[in-house]
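If you want the building blocks of each chain, they are given just below.
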Amino acid sequence: MKFHSTRNEHEYITLTEALLKGLAPDGGLYVPENLPRLKIKNFKSWPKLAEEMLKPFFKNGDLEKKLPNICREAFNFKIPLYKLAKNLSVLELFHGPTAAFKDVGAQFLAACIENIKSTKNELPRMVLVATSGDTGGAVGSAFSGRKNVNVVILYPQGKISRTQEAQLHCWKKNVTAIAIKSDFDACQSLVKQAFLNNQWQSRWHLLSANSISLGRLLPQMVYYAGASLQEYERRKKKIHFIIPTGNLGNAVACFWAREMGFPIAKIGLALNANKALFDYYKSGEWVPRPSQMTLANAMDVGAASNFERLRALVPDIKDIQDSSAAISASDVDIRNTIREIYNKFDYLICPHTATGFYAHKMLQWAPAVVVSTAHPAKFTEVIEPLLKLKLKPPQTLKKWIQNKKIEPTALPPDLDRILNFISDKA
Ligand SMILES: *Cc1c(COP(=O)(O)O)cnc(C)c1O
């Protein structure tokens, strides 16, 4: 299987190259040359399904023989499909080490990178990411202690929760988190500058690990395939999915899984107040805009970075409207929905997942699976006052909450200062 940029269908690269690069040089995103239709009928286990489903993408590549191991490493926690009502289930993607769905993709990507042999003249590998919360933790956890790769995480000082900050500083020596005395946009801009900077480029082979990375997208198809097979076995009916969406990485994986022939009906994109995609569904015009802060902060995205992949797959707006939908939830909708779902089902959801349940109420699709992207206990400051209860953190989160002694290094948003700091450590 070969891969090409969304902006150029004539130049192909291998999977290994696509995994080591983030963005294509022409600014597009890498996509598979085709999405083969598979005839998988039964769900056995997550690692087995991952292996079967991803085999065509790894065929004849450097990682073909490693794929079974990579799948076992990435799918090493439970992914339950929890039934709330006759026609409504939740796919709980938050049982990984950092309690958010990004663990699946990050673990898969990390296992791939570790298994790609360095070439003779290759510089030391460094994953460089900016985070406003969840990405940094998932990437730090996934790469912690891996051979042959360092990770540097930049985050805005004082703008993430204590749990999230603890989650960035608790990994092995190859993972370094730096607080930047500015906002998230400055962190993201520093990462972009570093990728273009000669000094950085001459010392490290820089890798990205955000949701444009193919290594995160491919494994995400697996849980949609698996959940749809499990539902189909029970009901003999295709299932609708509703997905809390920010950069559209999680949802594009569902579109791809449907294209590969899995029994998936419509796909619902649940948005917060950042509603560029909602407007696109209405008007057919894509107008990115600055992001706005909401209770579902991991979805505070003004211009979904994976939009090009969606449009490359379904170019016609009519086809998009026929096979999917987008719904936007305000912060008030999010709060009301958390309360409603708790009262109705005695089930706790995080603010991101709440956009999904809100979209489900609006769309009335049945049977449907709402995708739960984070553990509710990561958002105590929203949920506890709202429901007037005390949340019990899951085992994985407890570790960080107890680990209170962090004294992070804080630096100004200055690329040279950051370079010096990292060089001293290495
Ligand atoms: C990242 C994230 C999302 C959004 O996922 P995308 O792939 O960016 O659309 C939703 N919920 C949570 C909890 C997240 O961390």
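The rules we used
- Residues numbered from 1 in each chain as written.
- Predicted model: local features only at pLDDT ≥ 70, side-chain atom pairs only at ≥ 80, totals over all residues.
- Heavy atoms only, no water.
- Core = buried A, V, L, I, M, F, W, Y, C linked by side-chain atoms within 4.5 Å.
- Buried < 20%, exposed > 50% of the residue type's maximum accessible area, 1.4 Å probe, protein only.
- Helix = DSSP H or I, 4+ residues; strand = E, 2+ residues; numbered from the N terminus.
- Contact = heavy atoms within 4.5 Å.
- Axes fitted to C-alpha atoms, helices over the stretch in contact; angles between N-to-C directions.
- Parallel < 35°, antiparallel > 145°, perpendicular 65-115°, else oblique.
- Left-handed = near helix turned anticlockwise from the far one by under 90°.
- Pairing = 2+ DSSP bridges.
- Patch = residues over 30% accessible without salt bridge, like charges linked within 9 Å, V, L, I, M, F, W, Y side chains within 5 Å.
- Areas by Shrake-Rupley, 256 points an atom, 1.4 Å probe, with all protein chains shown as cover.
- Salt bridge = Lys/Arg side-chain N within 4 Å of Asp/Glu carboxyl O.
- Lys, Arg positive; Asp, Glu negative; His and termini not counted.
- Charge placed at Lys NZ, Arg CZ, Asp CG, Glu CD.
- Near = heavy atom within 4 Å.
- Polar contact = N/O pair within 3.5 Å; in protein donor to acceptor, adjacent residues only side chain to side chain.
- Nonpolar A, V, L, I, M, F, W, Y, C, P; charged D, E, K, R; others polar.

Chemist: So what about the nonpolar core? Which residues, and what values?
Modeler: One recurring pattern in soluble globular proteins: nonpolar side chains tend to sit buried together. Among the nonpolar cores identified, the biggest contains 94 residues, and F143, M221, Y224 and F241 are the most heavily contacted of them. Ranked by residues supplied to this core, first place goes to helix α9 (residues 214-235) with 10 residues. Those residues in contact with F143, other than ones at most four positions away along the chain, are A106, L109, A110, I113, V127, V149, V151, N174 and V175. I327, L363, F379 and L387 belong to the second-largest nonpolar core, a separate cluster that totals 33 residues.

Chemist: Outline the packing of helix α14 (residues 331-345) against helix α16 (residues 380-387), supporting the account with residue identities and numerical values.
Modeler: Between α14 and α16, the least distance of the axes is 11 Å, while the angle of their chain directions is 60 degrees. One finds that α14 runs oblique with respect to α16. Of the two elements, α14 crosses α16, and the hand of that crossing is right-handed. Between α14, through R335, I338, R339 and Y342, and α16, the contact on the second element is made entirely by V382, I383, L386 and L387.

Chemist: Which residues make up the sheet that holds strand β2 (residues 8-13), and what values go with them?
Modeler: Strand order in the open sheet made by the 3 strands is β2-β1-β3, with antiparallel pairing throughout. The outermost strands of the open sheet, each flanked by one partner alone, are β2 and β3 (30-32). The mean inter-strand angle of the sheet, taken between neighbouring strand axes irrespective of direction, is 40 degrees. The sheet contact formed by strand β1 (residues 3-5) and β2 spans 2 bridges and is antiparallel. Bridge pairing in β2 links S5 to N8.

Chemist: Got a sec to walk through helix α10 (residues 249-259)? Specific residues and values, please.
Modeler: By the criterion of burial, α10 is predominantly enclosed, with 10 of the 11 residues buried. Where α10 is concerned, the buried positions are G249, N250, A251, V252, A253, C254, F255, W256, A257 and R258. A positive phi of about 100 degrees marks G261, the residue just after α10.

Chemist: Go over the sheet that holds strand β12 (residues 324-328) with me, naming the residues and quoting the values.
Modeler: Spatial strand order, β4-β5-β13-β10-β11-β12: 6 strands in an open sheet with mixed pairing. With one partner strand each, in any of the chains shown, β4 (81-85) and β12 form the two edges of the open sheet. Sheet twist, expressed as the average angle between the axes of neighbouring strands with direction ignored, equals 25 degrees. Those strands touched by α10 are β10 (239-244), β11 (264-271), β12 and β13 (368-372), and its axis lies near 170 degrees from that of β11. Against the sheet, helix α11 (residues 276-283) makes contact with β11 and β12, and its axis sits at roughly 130 degrees relative to β12, the strand it touches most.

Chemist: Talk me through a positive patch on the surface; I want residue IDs and the actual numbers.
Modeler: A cluster of basic side chains, namely R37, K39, K41 and K238, defines a positive patch on the protein surface. On the basis of relative accessible area, K41 is assigned to the exposed category, the value being 60%.

Chemist: Can you lay out the pairing of β13 for me, pointing to particular residues and giving the numbers?
Modeler: Within β13, 5 of the 5 residues are buried, which leaves the element mostly enclosed by the surrounding structure. In the sheet, strand β5 (residues 88-92) pairs with β13 via 5 bridges, with the strands oriented parallel. Paired with L91 across the two strands is V371, which belongs to β13. Of the pairings in the sheet, the one linking β10 to β13 comprises 3 bridges and is parallel in character. Paired with F241 across the bridge in β13 is V369.

Chemist: I'd love a proper account of the site of the ligand, names of residues and values included.
Modeler: Around the ligand sit 15 residues, and of these K102, D134, G246, N247 and T373 come closest. Here T373 contributes a side-chain N or O atom positioned 2.8 Å from a nitrogen atom of the ligand. Surface burial for the ligand is 97%, taken as the share of its 380 Å² of free accessible area covered by protein chains. Residue classes in the shell around the ligand are distributed as 6 nonpolar, 7 polar and 2 charged.

Note that every value here comes from positions in space, so none of it alone points to a role or purpose.
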